[in-house]
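Chain residues, written in single-letter form:
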Amino acid sequence: MTEQQKINIGNSTIVRVILFVVLTLILLQIKDILILILVSIVVASFVESGVFFFKRFKIQRSLSVPIIFAIGISVIIAVFYAFVPIIFRELSGVISLISSYLPSSGTIDSQSIKGATKFVVNLSNNGSLTDVLSNIKTATASLSEGVTAVIGNAFGGVVNAILVTILSFYFSIQERGIVTFLRIITPTKHEKYVVGLWARTQQKIGLWFQGQLMLGVIVGSITFIGMAIMGLQYSFLIGVVTGIAEIVPFGVVFATIPALLFALIQGGTLFAFKVLIFYVVLHEIESYVLSPLIMRRVVGIPPLVVLLAFLIGITLAGFWGALLAIPVAVFVLEYMSDVEKKKSLLEIKEQSI
């Protein structure tokens with residue numbers, strides 16, 4: 001005897017599937033807009049912590065939010081004008097140093113001339129004037145498209161940054177602006193849970209970001225001072241690279257590579273060994289002294305998760321994806337933690353019954 005199973009698919013199920021597919025296609029089309037909105041929410045969440053700080057001095061939101069944005073923009077401009085020229089100056093020195101180890105220009109020019117001569121001879125023997133003009137036209141079109149793409153990407157990045165600033169200001173200036181937005185896009189029966197989940201995520205993200213920023217500044221400063229005392233060239237650039245790398249887990253390890261390379265070129269094996277010892281000591285101090293002191297309030301963000309989130313975010317959405325990587329990872333971790341708690345409670349209830 002064989003059992004026959006009947007599967008009934010109602011009209012409502014078909015409509016739901018169609019609506020789900022259509023909604024997915026729409027979300028894919030407006031993916032860039034959604035990313036900007038999410039980045040704006042993250043920025044507004046950081047601003048919210050500043051608003052709470054100003055409330056201690058009885059400064060209202062309508063005044064504290066513009067003050068926070070003005071301070072943030074001023075700091076970015078000041079850092080740009082103060083440090084970017086130094087970085088570019090040291091970068092130019094690094095490029096000059098590297099270029100001195102490349103093959104001499106005479107050899108390259110000779111090879112280029114030989115290659116160009118061979119190309120012209122082959123073209124004159126096998127190609128017609130029409131082919132030549134067609135190739136020139138294709139090369140010109142490709143070059144113009146490349147230049148247009150570069151300009152478009154740069155302009156688009158500036159426009160996106162402006163849009164993020166405007167949207168985050170809008171979310172911040174309104175009382176409970178983020179909460180209101182989350183309630184608009186969330187079904188009624190899930191509003192309370194989503195708002196609470198985001199509140200926990202926001203607190204954890206804020207603590208993590210503050211801790212990592214402080215660690216980056218301290219580690220970068222220590223590296224700059226140590227390299228300058230040791231007499232390593234481009235010590236400021238190396239300090240900046242190490243400070244930025246500190247944001248990523250195990251970043252100090254990766255920042256050691258350029259420092260060792262410069263030390264090896266400048267002072268040989270012994271000098272590179274001294275720099276290596278410095279970085280080993282710095283890593284131990286960062287792991288066993290600085291991190292426990294600064295990050296003691298941050299719980300539940302494993303370094304491996306942070307690293308994977310950065311890689312996935314950069315792969316999927318570039319720079320904006322990197323900004324969203326940690327908030328999304330923390331949000332998912334909090335949700336998984338809630339699911340695990342619910343499962344544990346259900347198991348306890350079943351065992352009690």
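This text follows the structure it describes.
Now for a quick tour of the structure. For clarity, every value in this text was computed on a predicted model and none was experimentally measured.

With that settled, consider the overall build of the chain. In terms of helices and strands, the chain carries ten helices and zero strands. The order of α-helices and β-strands along the chain, N terminus first, is α-α-α-α-α-α-α-α-α-α. With 353 residues in all, the chain has 27% of them scored as buried. A fraction of 72% describes how many contacts in the chain between residues 6 or more apart in sequence connect residues 24 or more apart. By element, 71% of the accessible surface of the chain is carried by carbon and sulfur atoms, the whole surface being about 24,300 Å².

Turning our attention to the packing of helix 6 (residues 177-185) against helix 7 (residues 191-230). At a closest axis distance of 9 Å, the pairing of helix 6 and helix 7 adopts a crossing angle of 140 degrees. Taken together, helix 6 and helix 7 sit at an angle that is classed as oblique. Regarding helix 6 and helix 7, the two cross each other, and that crossing is right-handed. On helix 7, the residues touching Ile178, Val179, Leu182 and Arg183 of helix 6 are Glu191, Val195 and Trp198. Considering only residue class, the contact of helix 6 with helix 7 consists of five nonpolar, no polar and two charged.

With that out of the way, let us pick up the nonpolar core. The tendency in soluble globular proteins is for nonpolar side chains to be buried side by side. The biggest cluster of nonpolar side chains holds 17 residues, and the ones touching the most others in it are Met227, Leu232, Ile238, Ala263, Val275, Tyr279 and Leu282. Elements with a minimum of two residues in this core: helix 7 and helix 9 (251-294). A total of twelve residues in this core trace back to one element, the largest contributor, which is helix 9. Not counting the four nearest positions on each side in its chain, Tyr279 is found in contact with Thr223, Met227, Ile238, Thr242, Val252, Ala255, Thr256 and Ala259.

This paragraph deals with the pattern of salt bridges. In this structure the tally under the stated criterion is two salt bridges. The shortest N-O distance in the salt bridge between Arg200 and Glu334 comes to 3.0 Å. With Arg200 in helix 7 and Glu334 in helix 10 (residues 303-352), this residue pair connects regions lying 134 residues apart in the sequence. Residue classification places Arg200 among the partly exposed positions, given a relative accessible area of 31%. Ionic pairing is found between Asp338 and Arg200, a salt bridge with its closest N-O pair at 2.8 Å. Residue Asp338 is located in helix 10, and its partner Arg200 is located in helix 7; the two are separated by 138 residues in the primary sequence.

Before going further, it helps to examine unusual backbone geometry. Even without being a glycine, Lys58 presents a positive backbone phi close to 60 degrees. Mapping Lys58 onto the fold places it in the loop between helix 2 (31-55) and helix 3 (61-99). Residue Lys58 is classed as exposed on the basis of its relative accessible area, which comes to 76%. For Tyr234, which is not glycine, the phi dihedral falls at a positive 60 degrees.

Below, the discussion takes up the packing of aromatic side chains. Here the distance between the centres and the angle between the planes together describe a pair of aromatic rings. Per the counting criterion, the structure on display carries eight aromatic pairs. Ring centres of Tyr193 and Tyr335 lie 6.5 Å apart, and the angle between their planes is 65 degrees; on these two criteria the pair is classed as edge-to-face. One end of the pair, Tyr193, is in helix 7; the other, Tyr335, is in helix 10, and 142 residues separate them in sequence. Residue classification places Tyr335 among the partly exposed positions, given a relative accessible area of 43%.

Moving on, we come to the side chain of Thr223. Position of Thr223 relative to the elements: it lies in helix 7. In contact with Thr223, other than residues within four places in its own chain, are Ile238, Gly239, Thr242, Phe278, Tyr279 and Leu282.

This brings us to helix 9. Taking 1.5 Å of rise per residue, 44 residues should cover 64 Å, yet helix 9 covers just 17 Å from first to last C-alpha, more than 12% shy of that figure. At Gly267, helix 9 shows its maximal bend, which comes to roughly 140 degrees.

Among the structural elements, Ala259 can be located in helix 9. Assessed through its relative accessible area of 0%, Ala259 is described here as buried. In this structure, the C-alpha to C-alpha distance between Ala259 and Val275, residues 16 residues apart in sequence, is 7.3 Å. Once residues lying within four places of it in the same chain are set aside, the contact partners of Ala259 are Leu232, Ile238, Val275 and Tyr279.

Moving on, we come to a nonpolar patch on the surface. A surface patch of nonpolar side chains, about 730 Å² in accessible area, is lined by Ile14, Ile18, Val22, Leu23, Ile26, Leu27, Ile30, Ile33 and Leu34. At the level of elements, helix 1 (11-29) and helix 2 are the ones that each hand at least two residues to the nonpolar patch. Here the nonpolar patch takes six residues from helix 1, the largest share from any one element. With respect to the element layout, Leu27 can be found in helix 1.

Now for helix 7. Between the first and last C-alpha of helix 7 there are 57 Å, a value that for 40 residues agrees with the 58 Å anticipated at 1.5 Å per step. Where helix 7 ends, the next residue or the one after it, Gly231, has phi of about 85 degrees, a positive value.

Rules behind the numbers
Residues numbered from 1 in each chain as written. Predicted model: local features only at pLDDT ≥ 70, side-chain atom pairs only at ≥ 80, totals over all residues. Heavy atoms only, no water. Helix = DSSP H or I, 4+ residues; strand = E, 2+ residues; numbered from the N terminus. Buried < 20%, exposed > 50% of the residue type's maximum accessible area, 1.4 Å probe, protein only. Contact = heavy atoms within 4.5 Å. Areas by Shrake-Rupley, 256 points an atom, 1.4 Å probe, with all protein chains shown as cover. Axes fitted to C-alpha atoms, helices over the stretch in contact; angles between N-to-C directions. Parallel < 35°, antiparallel > 145°, perpendicular 65-115°, else oblique. Left-handed = near helix turned anticlockwise from the far one by under 90°. Nonpolar A, V, L, I, M, F, W, Y, C, P; charged D, E, K, R; others polar. Core = buried A, V, L, I, M, F, W, Y, C linked by side-chain atoms within 4.5 Å. Salt bridge = Lys/Arg side-chain N within 4 Å of Asp/Glu carboxyl O. Phe/Tyr/Trp six-rings, centres within 6.5 Å; stacked < 30°, edge-to-face > 60°. Expected span 1.5 Å × (residues − 1). Bend = angle between axes of the 7 residues up to and from the residue. Patch = residues over 30% accessible without salt bridge, like charges linked within 9 Å, V, L, I, M, F, W, Y side chains within 5 Å.

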